[in-house]
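Inside the fold
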Amino acid sequence: MSPVFPMLTVLTMFYYMCLRRRARTATRGEIMNSHRTVESNSRTSPLNAEVVQYAKEVVDFSSHYGSENSMSYTMWNLAGVPNVFPSSGDFTQTAVFRTYGTWWDQCPSAPVPFERTPADFQSQDYVELAFEQQVYPTAVHVLETYHPGAVIRILACSANPYSPGPLAEVRWETLWSEKPTKVNASQARQFKPCIKQINFPTNLIRLEINSSLLDYYTELDAVVLHGTKDKPMLSLKTSLIDMNDLEEDDYEEKDECEMDNLSKTFSSAALREGPSNGYFDKLPYELIQLILNHLTLPDLCRLAQTCKLLNQHCCDPLQYIHLNLQPYWAKLNDTSLEFLQARCTLVQWLNLSWTGNRGFISVAGFSRFLKVCGSELVRLELSCSHFLNETCLEIISEMCPNLQDLNLSSCDKLPPQAFSHIAKLYGLKRLVLYRTKVEIEDYDVTASMIGAKCKKLQTLDLWRCKNITENGIAELASGCPLLEELDLGWCPTLQSSTGCFARLARQLPNLQKLFLTANRSVCDTDIEELACNCTRLRQLDILGTRMVSPASLRKLLESCKDLSLLDVSFCSQIDNRAVLELSASFPKVFIKKSFTQ
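Residues numbered from 1 in each chain as written. Predicted model: local features only at pLDDT ≥ 70, side-chain atom pairs only at ≥ 80, totals over all residues. Heavy atoms only, no water.

1. Some thoughts on the overall build of the chain
- What the chain contains, in helices and strands, is 15 helices and 20 strands.
- Residue burial in the chain is summarised as follows: out of 597 residues, 50% are buried.
- Within the chain, counting contacts between residues at least 6 apart in sequence, those at least 24 apart form 81% of the total. (Helix = DSSP H or I, 4+ residues; strand = E, 2+ residues; numbered from the N terminus. Buried < 20%, exposed > 50% of the residue type's maximum accessible area, 1.4 Å probe, protein only. Contact = heavy atoms within 4.5 Å.)

Below you can see the structure in the form of structure tokens.
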């Protein structure tokens, strides 16, 4: 070999190393702060002045603590200028999501998590906000007034919610994301993440939330969108980027495109005869299937393109017994469902929560999919799937005879008459109708029927049922002795003076969770009855009561050895000193005491 070639190789390697070192040690710009965000210094001329605006309207959300006909603790408080900030504390004028921490995951009603959920998808809730003007975002500020740290992802949408015409191509772009992190302080803060620059203007911003690490409910006051009307140009001071960062960003770009190309990636037409698979094809079929069970759906898409053998394995219906499509809500459409159809004939668990909105999934596309893939379905998650209508529920009732678990929470577009089709699902064991328009004229009659027909009922959530009385509760307690979880939070017509809570305690010894939130009539007698009869109790919420003393709570804590959560926020007789004393005596119990600054 000529000596020139080794010399060229050495020079090439030296030049490459110099480039990498220059990228890492550049002084003309800052090294980017994260692998996902390129922070650019954009020059804004006077003709392209920055626009600063608060949210005009709350377009959509997954849950909130408040009721649908009130402003207290609802997502609608995010519209407009701040109501509370910079004050800290628990205020009704803020936006609060339904849950926090891991307490709901520890309840008997907690659904089993789906396998194959991507590690980077950890969103539990979301809220979408519309702004007056479309801008190229330069910053998004979130005003958090209580227990901050829940926001883990911020996205922008290309669609204008105020456009009178039909929506053009809808595109979502992640501006910023981060894994859930613990924020020790509960004080107010203005959260200012470094967002990446996008190439389209937007006036629709989505916040995704994970509250699993929070000690109490997070409260959001307002969201501020900064941006320019014209697309900003990168200045000469743009940060130089590490080549490693470029490689990782490129990988993430490919990952985000997987659901867009679902039909192509699964296509076997492009597969050609390749070299031998070595000894891999000698492995037992079942062993290869077991290995592939650890892959996410995009990984299966990639692997299906490598060879005919693996394409066959990746398209086997056994790989899709449990199918979680929620992480891909921004990409999933009718075409995706059509190409998954042949592979999902054996699907038993299907999660379509958050999917199909803004025309991504049609009623016809959903119906075609269920007609092929619904016969074996046992569990169907459809939370916040706003494409659903009465026809969809009719198709579910006809095509899913084995369905046991149906979640329709926050499907607020469904008309009241649509829910009549659920009566045809005789095998249902779990039904979630939170934030739907189901009409129940008399909750006492409903409670009486549940007590008569559902003798083995274990969990019941009656949160904010406004007209249930002690008569309905008596029927439930006598008819459902196996109840382990009962939520009667914000049920104002229940009064302790009728003896309804004491009877509950005596007749439901298996209770593990009892929420009596915001019932001011709960008294020492009720707490003492729980201490005597419900020794398996794990969670108790008596927020807002005025008639419970520290002495009765001490009796409860001494009797209920498994108690782990006790919420005494806004209990007038339970001051901070009492909470500190009880916490010192019972260190394994998380005693919650909210405050208003």
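2. Comments concerning the packing of aromatic side chains
- Evaluated as defined, the whole model comprises 19 aromatic pairs.
- On the basis of an interplanar angle of 80 degrees and a centroid distance of 5.3 Å, the ring pair of Y65 and Y73 is categorised as edge-to-face.
- For Y73, a relative accessible area of 10% gives the class buried.
- A centroid spacing of 5.2 Å and a plane angle of 75 degrees characterise the contact between Y65 and W463, whose relative ring orientation is edge-to-face. Of this pair, Y65 sits in the loop between β2 (57-61) and β3 (95-96) while W463 sits in the loop between β15 (459-461) and α11 (470-479); the two residues are 398 residues apart in sequence, bridging distant segments of the chain. Across this residue pair, the class does not change: Y65 and W463 are buried.
- One aromatic cluster is present, formed by Y65, Y73, Y100, W104, Y146, Y216, Y217, W463, W490 and F515 through successive ring pairs.
- In this arrangement the basic side chain of K56 is found over the ring face of Y162, its NZ or CZ atom lying 4.5 Å from the centre.
- In this structure, R206 is placed above the aromatic ring of Y126, and the distance from its NZ or CZ to the ring centre is 3.9 Å. (Phe/Tyr/Trp six-rings, centres within 6.5 Å; stacked < 30°, edge-to-face > 60°. Lys NZ or Arg CZ within 6 Å of the ring centre and 35° of its normal.)

3. Describing the sheet that holds strand β16 (residues 485-487)
- Pairing is parallel in the open sheet, where six strands are placed in the order β15-β16-β17-β18-β19-β20. Two strands lie at the open edges of the sheet, namely β15 and β20 (590-592), each paired on one side alone. Strand-to-strand, the axes of this sheet are offset by a mean angle of 5 degrees, without reference to chain direction.
- Here strand β19 (residues 565-567) pairs with β20 via three bridges, running parallel. Residue L565 lies in a different strand from β20, and its bridge partner there is F590. (Pairing = 2+ DSSP bridges. Axes fitted to C-alpha atoms, helices over the stretch in contact; angles between N-to-C directions.)

4. Re the sheet that holds strand β12 (residues 379-381)
- The strand order across the open sheet formed by five strands is β10-β11-β12-β13-β14, and the pairing between neighbours is parallel. The open sheet terminates on both sides in strands that have one partner only, identified here as β10 (322-324) and β14 (430-432). Sheet twist, expressed as the average angle between the axes of neighbouring strands with direction ignored, equals 5 degrees.
- Taken together, the three bridges between β12 and strand β13 (residues 405-407) define a ladder with parallel strand orientation. Across the sheet, the residue bridging to L380 is L406, located in β13.

5. Remarks on the nonpolar core
- If you look at the biggest cluster of nonpolar residues, it comprises 48 residues, and the most contacted ones within it are L488 and L540.
- Taken together, the elements giving at least two residues each to this core come down to α10 (443-453), α11, α12 (500-507), α13 (524-533), α14 (550-559) and α15 (576-585).
- Element by element, the count of residues in this core is highest for α12, at four residues.
- Setting aside residues up to four positions removed in sequence, L488 forms contacts with L462, I473, L494, F501, L504, F515 and L516.
- Y328, L340, F366 and L380 belong to the second largest nonpolar core, which has 44 residues in total. (Core = buried A, V, L, I, M, F, W, Y, C linked by side-chain atoms within 4.5 Å.)

6. As for the pattern of salt bridges
- Counting across every chain of the model gives 21 salt bridges.
- The salt bridge partner of D405 is R430, with a shortest N-O separation of 2.7 Å. Taken as a pair, D405 in strand β13 and R430 in strand β14 lie far apart in primary sequence, 25 residues in all.
- Through salt bridges with shared partners, a single network forms among E128, R153, R206, E208 and R358. (Salt bridge = Lys/Arg side-chain N within 4 Å of Asp/Glu carboxyl O.)

7. A look at a nonpolar patch on the surface
- On the surface, a nonpolar cluster with roughly 400 Å² of combined accessible area is contributed by F280, L283, L287, L290 and I291.
- Within the secondary structure, F280 sits in the loop between α3 (262-266) and α4 (285-292).
- Judged by relative accessible area, which is 33%, F280 ranks as partly exposed. (Patch = residues over 30% accessible without salt bridge, like charges linked within 9 Å, V, L, I, M, F, W, Y side chains within 5 Å. Areas by Shrake-Rupley, 256 points an atom, 1.4 Å probe, with all protein chains shown as cover.)

8. Looking at the packing of α13 against α14
- Put simply, α13 and α14 touch, their axes get as near as 8 Å, and they point 10 degrees apart. Between α13 and α14, the crossing angle belongs to the class labelled roughly parallel. Residues D524, I527, E528, L530 and A531 of α13 form the contact with α14, whose own contacting residues are S552, L553, K555, L556 and S559.
- Considering only residue class, the contact of α13 with α14 consists of five nonpolar, two polar and three charged. (Parallel < 35°, antiparallel > 145°, perpendicular 65-115°, else oblique. Nonpolar A, V, L, I, M, F, W, Y, C, P; charged D, E, K, R; others polar.)

9. Some words on α4
- Burial in α4 covers these residues: I288, Q289 and L292. End-on view of α4: buried residues confined to an arc of 100 degrees, all on one side of the axis. Pointing more than 90 degrees away from the buried face of α4 are the exposed residues E286 and L290.
- Residues of α4 that are buried make contact with α5 (297-303) and α6 (308-314). (Arc of directions from axis to C-beta.)

10. A look at the side chain of E219
- Among the secondary structure elements, E219 is positioned in strand β9 (residues 219-228).
- Nearest to the buried, unbridged E219 among oppositely charged side chains is R464, at 11 Å.
- Within the structure, E219 has its side chain in polar contact with the side chain of T94 (distance 2.8 Å).
- Excluding residues within four positions of it along the chain, E219 makes contact with Y73, G89, D90, F91, T94, A95, V96, L143, E144, T145 and Y146. (Lys, Arg positive; Asp, Glu negative; His and termini not counted. Polar contact = N/O pair within 3.5 Å; in protein donor to acceptor, adjacent residues only side chain to side chain.)

11. Brief notes about the confidence of the model for the chain
- Looking at the chain as a whole, the pLDDT averages 87, with 84% of positions reaching at least 70.
- Predicted confidence is poor over residues 22-45, with pLDDT under 50, and the contacts of this stretch with residues over four places away or in other chains come to 56 contacts.
- In the model, residues 265-274 has pLDDT below 50 throughout and makes 22 contacts with residues more than four positions away in sequence or in other chains. (pLDDT = per-residue confidence, 0-100.)

12. A look at the packing of α12 against α13
- Here α12 crosses α13 at 5 degrees, and the two axes come no closer than 8 Å. The angle between the axes of α12 and α13 places the two elements in the roughly parallel class. Contacts between α12 and α13 involve F501, A502, A505 and R506 on the former and, on the latter, D526, E529, L530 and N533.
- Here the contact of α12 with α13 is composed, by residue class, of four nonpolar, one polar and three charged.

13. What about the side chain of S410?
- Looking at the element boundaries, S410 is found in the loop between β13 and β14.
- Discounting residues that sit within four places of it in the chain, S410 has contacts with F61, S62, S63, C384, H386, Y434, R435 and T436.

14. Things to note about the state of the cysteines
- Throughout the structure, instances matching the rule amount to zero disulfides.
- C314 supplies the cysteine sulfur nearest to C315, a cysteine that is in no disulfide, at a spacing of 6.6 Å.
- Here C315 falls in the buried class, since its relative accessible area comes to 17%. (Disulfide = S-S within 2.5 Å.)

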